[in-house]
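Residue-level structural notes
Below, each chain spelled out in residue letters.
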Amino acid sequence: MTSERRQPTIAVLAVQGAFLEHEQRLERLGCSCIELRKASDLDQPFDGLVLPGGESTVQGKLIDELGMLEPLRCLIMEGLPVLATCAGLILLAREISDDSTSDPTRSPRLATMLVTVRRNAYGRQLGSFHTSQDFSGLGEVPMTFIRAPFVEQAETGVEVLARVDGRIVAVRFGSQIAVSFHPELDSCDAIHTLFVNEIRV
Ligand code: GLN
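Report on the accompanying structure.

Basis of the calculations
Along each chain, numbering runs from 1 in the same order as the chain's sequence is written. Local features in this predicted model are restricted to residues whose pLDDT is 70 or higher, and side-chain atom pairs enter the listing and the counts only when it is 80 or higher, whereas totals over whole chains, interfaces and linings include all residues. Hydrogens and water molecules were not included; the side-chain quantities draw on all heavy atoms of the structure. The criterion for a residue being near a molecule or strand is simple. One of its heavy atoms has to lie within 4 Å of it. For this analysis, a polar contact is any N or O atom pair within 3.5 Å, provided that within protein one partner can donate a hydrogen and the other can accept it, and provided that sequence-adjacent residues contribute only side-chain to side-chain pairs. Throughout, the ten residues Ala, Val, Leu, Ile, Met, Phe, Trp, Tyr, Cys and Pro are labelled nonpolar, Asp, Glu, Lys and Arg are labelled charged, and all others, Gly among them, are labelled polar. Labels follow the DSSP assignment, with helices taken as runs of H or I lasting at least four residues and strands as runs of E lasting at least two, numbered in each case from the N terminus. Only protein chains enter the calculation, and the probe is 1.4 Å; a residue is then buried if its accessible area is under 20% of its type maximum, exposed if over 50%, and partly exposed in between. Residue contacts are counted whenever heavy atoms from the two residues lie within 4.5 Å of one another. Ring pairs are drawn from Phe, Tyr and Trp, using the six-membered ring of Trp, whenever the two centres fall within 6.5 Å, and their geometry is named by plane angle: stacked under 30 degrees, edge-to-face over 60, tilted for the rest.

So, on to the site of the ligand. Taken together, the neighbourhood of the ligand is formed by Gly53, Gly54, Glu55, Ser56, Cys86, Ala87, Ile90, Arg119, Asn120, Ile146, Arg147 and His182. One of the backbone nitrogen or oxygen atoms of Gly54 is found 2.9 Å away from an oxygen atom of the ligand. Here a nitrogen atom of the ligand and a side-chain polar atom of Asn120 are 2.7 Å apart. The class makeup of the residues in the shell around the ligand is four nonpolar, five polar and three charged.

Now the structure itself:
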């Protein structure tokens, strides 16, 4: 017996940052994408969520002001598969270790992942670099870091998927996958494929 699988629909947060590159990659992998720019965009059905890189403080403020913070938090808590990259990892983090944005009233975040994240963790001088490292279950994956955060502490239940120089740069917590780097900027499809395979449609 063959089972028909329909094309997954992915909602890509499109208020700021590098969302177009994710859309192009996901469409190439057979997904259709919708953009989340305002609360009513959440009325459309979708199967997964991408939180792109960019500036997490701006993104957090915008999704709060636009009325998307609580609805998105609820969907994630209910098990919506998420792929978060760079600033997206910061939006998901329960704690931020290094600056005033750890005060959730000053910098709203989704805070659905039990990790502590350090923003701009590689310093502003050494902001950008490229490497290839082992990623759990995927082998070696190219990784482009741009003013990236890393995970300082992962609570019980958070699986570490990759490290660079001993620092945690990729994690999974339930159906949330978050990486410090920018898989949408490299030609390798492995991270997006991992995410799409999480989605049952
Ligand atoms: N430094 C940015 C922040 O703190 C993240 C950078 C990125 O997404 N490339 O939000």
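Additional details are given in the paragraphs that follow.
We now examine the side chain of Thr131. Within the secondary structure, Thr131 sits in strand β7 (residues 128–135). A relative accessible area of 17% means that Thr131 is categorised as buried. A distance of 3.0 Å separates a polar atom in the side chain of Thr131 from a polar atom in the side chain of Gln133. Other than its neighbours up to four places away in sequence, Thr131 contacts Val141, Pro142, Met143, Phe145 and Val164.

Taken as a whole and judged by the stated rule, the model has five aromatic pairs. Relative to Phe145, the ring of Phe129 has its centre 4.6 Å away and its plane inclined at 10 degrees; by these criteria the two rings are stacked. You can see Phe129 sitting in strand β7 and its partner Phe145 sitting in strand β8 (residues 139–146), a full 16 residues away along the chain. Note on Phe129: relative accessible area 21%, which makes it partly exposed. By relative accessible area, Phe145 is classed as buried at 0%. Through a chain of ring-to-ring contacts, the aromatic side chains of Tyr122, Phe129, Phe145, Phe150 and Phe181 assemble into a single cluster.

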